[in-house]
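Understanding the architecture of this molecule
Here is what each chain is made of, one letter per residue.
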Amino acid sequence: MGHILDVPSPGATCFRLLMVLYLFTTGMCIHMDSGGSHSMFTCESIGLRMCQDLPYNTTFMPNLLNHYDQQTAALAMEPFHPMVNLQCSPDLRPFLCALYAPVCMEYGRVSLPCRGLCIRAKRDCQKLLDMFDVTWPEETECSRFPDCDESYPRAEDLLVDDDPTDQSPMSVQRDYGFWCPRELKVEPELGYKFLGVRDCSPPCPNMYFRREELAFARYIIGAVSIVCLSATLFTFLTFLIDVTRFRYPERPIIFYAVCYMMVSLVFFLGFLLEDRVACNAANAAQYKTSTVTQGSHNKVCTLFFMVLYFFTMAGSVWWVILTITWFLAAVPKWGSEAIEKKALLFHASAWGIPGLLTVTLLAMNKIEGDNISGVCFVGLYDVHTLRWFVLAPLCLDVLVGVSLLLVGIVALNRVRMEIPLEKENQDKLVKFMIRIGVFSVLYLLPLLTVVGCYLYEQTYRSDWEVTWVQERCREYHIPCPYQVEQTSRPDLVLFLMKYIMLLVVGIPSVFWVGSKKTCFEWAGFFHGRRRKDGAVNESGQVLQEPDFSQSLLLRDPNTPIIRKSRGTSTQGTSTHASSTHLAMLDDVRSKASSVHSKMSSYHGSLHRSRDDRHTPPRGAEERPLYGSMPRLNEQLSRHESLHRLDGQSRHGSMRDLSKAPSTNIRHASGANHAAEEDGATA
């Protein structure tokens, strides 16, 4: 008779602990949410048709099989109705009701059916079970119950002096956690998870907003995505018209624009497809409502996630690379070709890091449909994934990029303040610094707004979820939250700001390429005209001006100023080699000019000697004619051979140097011819 769990003996105490453990391990396990979803333990009248007219008329939920309401318990009992109606065993009905609608006693007391009752019910009805193809549930195996042979309920179960519901709130508090409603349950093989419960998915449309609010938000996101797509596409096409115009350090802006062009394209497709990708279709026959798509089983959703997440992270990495190139140009004074030699490393970082993160999320099956924008992303319902795969990379990129940007701007400003430059170069440097500052502000403000929205969402997500459960628990027949300290609902403006700023981040690229030169290039493109001369990027042109370059690089004033090649660095020519070659040319030109000046003064003195009838000394008369001329011819011949070598090796980007050498050569050739005539006359 001592099978009630509150027998005051050591064995009964251990048995009570085992039975409490059994309640939480049989059937579906109750998920204990640390956020605190609580409910009151109360006795309720039995509404199950099979369990009417029993010695007791009250029960409690969840029952011993973890059904959270009588409606769910009734659905689970349906396969046994034919056996009960055919009365295959007098013990079957009491046994089933002992599990699906147990007798309600005071809080903490649970009475289980005896093993003998289970064995007789299963043995007597086995033939009907096979006939109706009904499987005896695993959680009702007879070995799970105490070894006794008594009817249910026992007499002790019905001896309750006080009203079982007359308990203080502290003594009747019971933590049920979140129970997944039947309408939101999905197949186990899909691997879905919602609020920590497996095989469950959030509802569609969005669980926080009404349909009209979602329609308004979707149109706003669609309009902004069209603007961003147009701006980034214009930037990319401007680059394609003249690929030599945008060189390092500003070349990363083009790749950054390409990334956000793909991001805006995905949002635009989500606007067109609405909920067809982000949500699973409802199934009324199985009492299933529309739920959010999770995992990689939906191929279109997986593709949307891969493109959106990959290019979002790649765009932020290209921003960091842009600040790195600006830093290299401003602080260690790297030239365009020297920075371009690191392009392979830049591309490996910009595409490799986002690719690794994307593959990791695919392996973890963390894809989630976004029923606001219609796309698929990560961290929409899982705050841990949001924290480590979205917030952490964005915050790191902002921190590194801003640090390098500030150091570069300070270095350029120091050059402007401490080193005297011509007014034209001063204006160009100030204009370049202003462009960098404006572009950085236009990028950082939207990105910081996105990061702020993510932080706010992560902070208050648990309150939003508890509020949603409290509002929908009666509709879904799940335990309602108990003693909720704070309830709040998200504002649609927060989500709208997050999506708009995520798209606005890509628009500043059009301000960088927007100039008169761009207008001329597009006009020439539409009229079929192509530029003959190699174009030079504006920022690179500022850094390549002779006076500005001399001051910026802090060179010795006596060192020749060498312009860098204005073409691409795909020729495989070393910067040091080209600079040395040009220095040699300048040295030869200066020597030829010096010799020409000496010869002119010498021949002038000879003419004066003939007029004054003065005969110079013999040695002085022979040295200019037969000693200096061979050396002059040798130097001029060396000059001409170097000029021919330079004409064969230089490309279209060095055409501005071709005019000066040709003039010097003609001048030197004239000097040579004049020297020969004067020598013959002498």
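Residues numbered from 1 in each chain as written. Predicted model: local features only at pLDDT ≥ 70, side-chain atom pairs only at ≥ 80, totals over all residues. Heavy atoms only, no water.

Another point: the overall build of the protein chain. Within the protein chain one finds 23 helices and 10 strands. Here the protein chain, with 682 residues, has 48% of them falling under the buried criterion. Taking as baseline every contact in the protein chain between residues at least 6 positions apart, the subset at least 24 positions apart corresponds to 77%. Accessible surface for the protein chain amounts to roughly 33700 Å². Of this, 59% is attributable to carbon and sulfur atoms. (Helix = DSSP H or I, 4+ residues; strand = E, 2+ residues; numbered from the N terminus. Buried < 20%, exposed > 50% of the residue type's maximum accessible area, 1.4 Å probe, protein only. Contact = heavy atoms within 4.5 Å. Areas by Shrake-Rupley, 256 points an atom, 1.4 Å probe, with all protein chains shown as cover.)

For the rest of this paragraph, the subject is the packing of aromatic side chains. Within the structure shown, the criterion is met by 36 aromatic pairs. Between Phe-95 and Phe-145 the ring centres are 5.6 Å apart and the planes differ by 90 degrees, which places this aromatic pair in the edge-to-face class. Linking Phe-95 in helix α4 (residues 92-100) with Phe-145 in the loop between α6 (126-131) and α7 (155-158), this pair joins segments that are 50 residues apart in sequence. Taking the relative accessible area as the measure of exposure, Phe-95 reaches 0% and is therefore buried. The exposure class assigned to Phe-145 is buried, which follows from its relative accessible area of 1%. A centroid spacing of 6.1 Å and a plane angle of 70 degrees characterise the contact between Phe-267 and Tyr-499, whose relative ring orientation is edge-to-face. (Phe/Tyr/Trp six-rings, centres within 6.5 Å; stacked < 30°, edge-to-face > 60°.)

Our focus in this paragraph is the pattern of salt bridges. The final tally for this structure, using the stated rule, is 14 salt bridges. Between Asp-382 and Lys-366 there is a salt bridge, with its nearest N and O atoms 3.1 Å apart. Of this pair, Asp-382 sits in the loop between β10 (376-377) and α14 (383-418) while Lys-366 sits in the loop between α13 (343-364) and β9 (368-369); the two residues are 16 residues apart in sequence, bridging distant segments of the chain. Taking the relative accessible area as the measure of exposure, Asp-382 reaches 17% and is therefore buried. You can call Lys-366 partly exposed: its relative accessible area is 25%. For Glu-457, the salt bridge goes to Lys-498, with nearest N and O atoms at 3.3 Å. Note that Glu-457 is positioned in helix α15 (residues 423-476) and Lys-498 in helix α16 (residues 492-504), a separation of 41 residues in sequence. For Glu-457, a relative accessible area of 4% gives the class buried. Here the salt bridges share partners, and the residues they tie into one network are Asp-91, Arg-120 and Asp-149. (Salt bridge = Lys/Arg side-chain N within 4 Å of Asp/Glu carboxyl O.)

With that settled, the discussion passes to the state of the cysteines. Tallying each qualifying case throughout the model produces 7 disulfides. The disulfide bridge from Cys-51 ends at Cys-97, spanning 2.1 Å between sulfur atoms. Handedness here is read from the sign of the S-S torsion; for Cys-51 and Cys-97, about -105 degrees, the answer is left-handed. Here Cys-51 is found in the loop between β2 (44-45) and β3 (58-59), whereas its partner Cys-97 is found in helix α4, with 46 residues between them in sequence. Looking at Cys-97, the relative accessible area reads 0%, which means it is buried. (Disulfide = S-S within 2.5 Å.)

So, on to the nonpolar core. For soluble globular proteins, nonpolar side chains are generally found buried alongside one another. Judged by nonpolar contacts, the single largest core of 107 residues is most densely connected at Phe-178, Phe-194, Phe-267, Tyr-309, Trp-326 and Trp-468. Looking at this core, the element that brings in the most residues is helix α11 (residues 299-330), giving 20 residues. Setting aside residues up to four positions removed in sequence, Trp-326 forms contacts with Pro-249, Ile-253, Leu-405, Phe-432, Ile-436, Phe-439, Ser-440 and Trp-512. Residues Met-61, Tyr-100, Ala-101 and Val-110 belong to the second largest nonpolar core, which totals 41 residues. (Core = buried A, V, L, I, M, F, W, Y, C linked by side-chain atoms within 4.5 Å.)

Within the sequence span of helix α2 (residues 70-77), burial applies to Gln-70, Ala-73 and Met-77. Take α2 and look down its axis: the buried residues cluster within an arc of 55 degrees, on one side only. Buried positions along α2 lie against β2, β3, α3 (81-86) and α4. (Arc of directions from axis to C-beta.)

Next up on the list: unusual backbone geometry. Keep in mind that most residues, glycine aside, have a negative phi and that most peptide bonds are trans. Cis geometry marks the peptide bond from Cys-204 to Pro-205, where omega comes out at 0 degrees. Considering the arrangement of structural elements, one finds Pro-205 in the loop between β6 (197-198) and α9 (211-241). With phi around 55 degrees, Asp-133 is a residue other than glycine that occupies positive phi space. Mapping Asp-133 onto the fold places it in the loop between α6 and α7. For Asn-365, which is not a glycine, the phi torsion comes out positive at approximately 60 degrees. Within the fold, Asn-365 resides in the loop between α13 and β9. Overall, Asn-365 belongs to the partly exposed group, its relative accessible area being 29%.

Turning to the packing of α9 against helix α18 (residues 516-526), a few remarks are in order. Interaxial distance between α9 and α18 falls to 10 Å at its minimum, and their mutual angle equals 70 degrees. Judged by the inter-axis angle, α9 sits roughly perpendicular to α18. α18 is crossed by α9, and the crossing has left-handed handedness. Judged by residue contacts, Phe-234, Leu-237, Thr-238 and Ile-241 of α9 engage Thr-518, Glu-521, Trp-522 and Phe-525 from α18. (Axes fitted to C-alpha atoms, helices over the stretch in contact; angles between N-to-C directions. Parallel < 35°, antiparallel > 145°, perpendicular 65-115°, else oblique. Left-handed = near helix turned anticlockwise from the far one by under 90°.)

Turning to its location among the elements, Gly-452 is positioned in helix α15. Along the sequence, Gly-452 and Lys-498 sit 46 residues apart, while their C-alpha atoms lie 8.7 Å from each other.

Moving on, we come to the side chain of Thr-518. Relative to the elements of secondary structure, Thr-518 occurs in helix α18. Looking at Thr-518, the relative accessible area reads 3%, which means it is buried. A polar atom in the side chain of Thr-518 sits 2.3 Å from the backbone oxygen of Val-513. With residues up to four places along the chain from it excluded, the contact list for Thr-518 reads Phe-234, Thr-238, Arg-245 and Val-513. (Polar contact = N/O pair within 3.5 Å; in protein donor to acceptor, adjacent residues only side chain to side chain.)

Tracing the chain through its elements places Thr-323 in helix α11. A polar atom in the side chain of Thr-323 sits 2.5 Å from the backbone oxygen of Val-320.

Overall, the predicted model of the protein chain reaches an average pLDDT of 74, with 66% of residues at or above 70. Averaged over each element, pLDDT in the protein chain is lowest for helix α8 (residues 169-172) (34) and highest for β10 (96). Confidence drops under a pLDDT of 50 for residues 1-40, and excluding neighbours within four residues, the segment shows 74 contacts in the predicted structure. Note on residues 645-682: pLDDT under 50 across the span, and 40 contacts to partners over four residues away in sequence or across chains. (pLDDT = per-residue confidence, 0-100.)

Take a nonpolar patch on the surface next. Residues Leu-233, Leu-237, Leu-240 and Val-243 make up a contiguous nonpolar surface patch of about 300 Å² in total accessible area. Among the structural elements, Leu-233 can be located in helix α9. (Patch = residues over 30% accessible without salt bridge, like charges linked within 9 Å, V, L, I, M, F, W, Y side chains within 5 Å.)

Moving on, we get to the packing of helix α10 (residues 252-273) against α16. Packing of α10 against α16 brings their axes to within 9 Å, and their N-to-C directions diverge by 140 degrees. Touching Tyr-260, Val-263, Ser-264 and Phe-267 of α10 are Tyr-499, Leu-502 and Leu-503, all from α16. Here the residues of the contact of α10 with α16 are counted per class, giving 6 nonpolar, 1 polar and no charged. (Nonpolar A, V, L, I, M, F, W, Y, C, P; charged D, E, K, R; others polar.)

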